[in-house]
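# Fold and geometry: a report
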Amino acid sequence: MPVGSLGMGSGLDLDSLVKKMVSAQRDPKVKLYQDKIHGYDAKLSALGTVGASIDKFKSSVEKLNNKESFEGRNTQIDQPDDKKVLDVTAGPTASNSSYEISVDQTAKGSRIISKPNIFHSESDVITARGGKLNLSAGNESFSVDVDPGTTLAQLRKKIDNAKDNFGVSANIIDDGKGHLFFTVTSDKEGDNNSISITNTKTPLGKLPISDTLTKDGKDTLEKPPVNSDGLSLDSVSTSGLSAGMVMLQGDQARDAMITVDGIQIRNDSNKFDKAVSGLTIDALALTDKPTKVNVTQDEKSVKDTIQGFVSSYNELIGVLKKSTAKGAVLNSNSMIRNLQSSLTNSLMMTHAGPGKLNNIFDLGVKIGNDGTLSLDQNKLDKVMSTSYDELPGLFTGNDGLAKSLEKVLDNYTGRDGMNATLKNSIEKSKDDTEETMKNFEHRMKSYESSLRDKFTHLDSRLSEMKAQGNYLNNALEKMK
């Protein structure tokens, strides 16, 4: 008999009866399983929030362990923003001091240019025999092979794209009068670093300045200059022959020169990184008078680092307290209690050598009854004015506060940390509960099927009895 027709024979609502019997057995246990699963999910969510807060605080601690965070320097340069002549960067070893700096000369690279009337078109052939050009500036050099029939435009590409090119660029300039100038520029700065080109393969030949062909008896067609002997794009005149490239006055490479507190200093580039200990000075433009530069400790950055640590610590404590509050899913969780205790112990420890600063509370940090930290800015300002050099030792290094906190946090972070281990344990319990509920649901389906079989048989018997009763009633009625 189909499930939907259960009870039709007897007239009884047997289908509802079966559902109620199954529900009485199933629903209470399923709710228990579901409540357990929801509880596991809530714990996993809470542990995820706790883990993220621990990771964030650990990043703050790692920043605190960076010695450079306490060795920053500020530089103030007396110059307008729209007309800078200097750029000064102070490293951690720079002294707090004032300097007067002048830029007497800026460094520059060099340029050589072809002589007038040599070239008239980018397609001019520079050699019929081929050869090799060596380009050098100071201790840098590279070579380009020049095939027979190479044009001016092709040579430019060869130079620009040379594998060992150290900063040389070639260009072709048209003066608008039918003459082209081939230029080669080097960005290598400094005296004695001017660029030169030499022919290192075939004998240096003289490039004809002009030549003509005769057409119809008239010298009317100019012939592009061709070097039939070899290459003459050479800035060095050899063998009594004139060079094809020349360096004009003022195109030579040169040093930069600055004056610091009356002492003139030369350098082969505009970046002076050894002139003054701890300073890197970039000469940008000439000055007509000394520029004042002040170097001071970057106290604001240090204050921001300490305040950032305090804020990050309080944020973590806030998350831990909320997670373990009365009624919270992690209430009385031993892992969190141990973490809070270990963090407090690390703060209480001595983390500096002999001096005025022994722990973080000497800076003006206070710990409240709720476990959070506060910072007395006035006390911190006083400490920074009297014991600034002791700050790195308090926070950084193997004996610093940051390292102590990192050791504590390492126990709770990462794949093998306590937070991950606890999450894995809860996830396993959740999986086991889900599997148990799945098996129970299967048993309930079997139970329902068994009930339906029994009630189907009962319904059939009741239907037969009802039919017999009706027959007897009808027979008795006829006998009256």
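Residues numbered from 1 in each chain as written. Predicted model: local features only at pLDDT ≥ 70, side-chain atom pairs only at ≥ 80, totals over all residues. Heavy atoms only, no water.

## Considering the nonpolar core
Grouped together as the largest cluster of nonpolar side chains are 46 residues, with contacts concentrated most on Phe-57, Phe-309, Leu-343, Ile-360, Leu-363, Leu-391 and Phe-395. Among the elements of the structure, α1 (14-64), α3 (299-323), α4 (334-348), β19 (373-375), α5 (377-386), α6 (391-395) and α7 (401-410) are those that each provide at least two residues to this core. Residues in contact with Leu-391, not counting those within four places in the same chain, are Phe-70, Val-302, Leu-357, Leu-363 and Met-384. One finds Ile-118, Leu-135, Ala-162 and Ile-197 within the second-largest nonpolar core, a separate group that totals 24 residues. (Core = buried A, V, L, I, M, F, W, Y, C linked by side-chain atoms within 4.5 Å. Buried < 20%, exposed > 50% of the residue type's maximum accessible area, 1.4 Å probe, protein only. Helix = DSSP H or I, 4+ residues; strand = E, 2+ residues; numbered from the N terminus. Contact = heavy atoms within 4.5 Å.)

## Some thoughts on the sheet that holds strand β5 (residues 131-137)
Strand order across the open sheet formed by 3 strands is β6-β5-β9, with antiparallel pairing between neighbours. Unpaired on one side and paired on the other, β6 (140-146) and β9 (195-199) mark the two borders of the sheet. Within this sheet the neighbouring strands show an average axis-to-axis angle of 20°, counted without direction. Across 7 bridges, β5 lies against β6 in antiparallel orientation. Bridge pairing in β6 places Gly-131 opposite Val-146. Packed on one face of the sheet, helix α2 (residues 152-160) meets β5 and β6 and runs near 145° to β6. (Pairing = 2+ DSSP bridges. Axes fitted to C-alpha atoms, helices over the stretch in contact; angles between N-to-C directions.)

## A word on the sheet that holds strand β13 (residues 256-260)
Taken together, the 5 strands give an open sheet; going across it, the order is β1-β17-β3-β13-β14, and neighbouring strands pair in antiparallel fashion. If you trace the sheet from one side to the other, it starts and ends with β1 (73-77) and β14 (263-267), each paired once. Ignoring strand direction, the axes of neighbouring strands in this sheet form an average angle of 30°. Across 5 bridges, β13 lies against β14 in antiparallel orientation. Counted as the bridge partner of Met-257 is Arg-266 from β14.

## Notes on unusual backbone geometry
Leaving glycine out, the prevailing phi sign among residues is negative, and the prevailing peptide bond configuration is trans. A positive phi angle is found at Asp-261, which is not glycine, with a value near 50°. Looking at the element boundaries, Asp-261 is found in the loop between β13 and β14. Despite not being glycine, Ser-332 has its phi angle at roughly 65°, a positive value. Mapping Ser-332 onto the fold places it in the loop between α3 and α4.

## Thoughts on the packing of aromatic side chains
Summed over the entire model, instances satisfying the criterion amount to 6 aromatic pairs. Taking 5.8 Å as the distance between ring centres and 35° as the angle between the ring planes, the aromatic pair formed by Phe-57 and Phe-309 counts as tilted. Here Phe-57 is found in helix α1, whereas its partner Phe-309 is found in helix α3, with 252 residues between them in sequence. For Phe-57, a relative accessible area of 1% corresponds to the buried category. Among the residues examined, Phe-309 registers a relative accessible area of 1% and is labelled buried. On the numbers, 5.6 Å between centres and 70° between planes, the contact of Phe-142 with Phe-166 is edge-to-face. With a gap of 24 residues between them, Phe-142 in strand β6 and Phe-166 in the loop between α2 and β7 (168-174) connect regions that are remote in the sequence. Phe-142 sits in the buried class, given a relative accessible area of 4%. (Phe/Tyr/Trp six-rings, centres within 6.5 Å; stacked < 30°, edge-to-face > 60°.)

## A word on α5
For α5, every residue scored as buried is listed here: Leu-380, Val-383 and Met-384. Along the axis of α5, the buried positions cluster into a sector of 100°, meaning they face one direction only. Exposed side chains of α5 directed beyond 90 degrees from the buried face belong to Asn-378, Lys-382, Ser-385 and Thr-386. The backbone nitrogen of Asn-378 lies 3.1 Å from a side-chain oxygen of the residue at the head of α5, namely Asp-376. (Arc of directions from axis to C-beta. Polar contact = N/O pair within 3.5 Å; in protein donor to acceptor, adjacent residues only side chain to side chain.)

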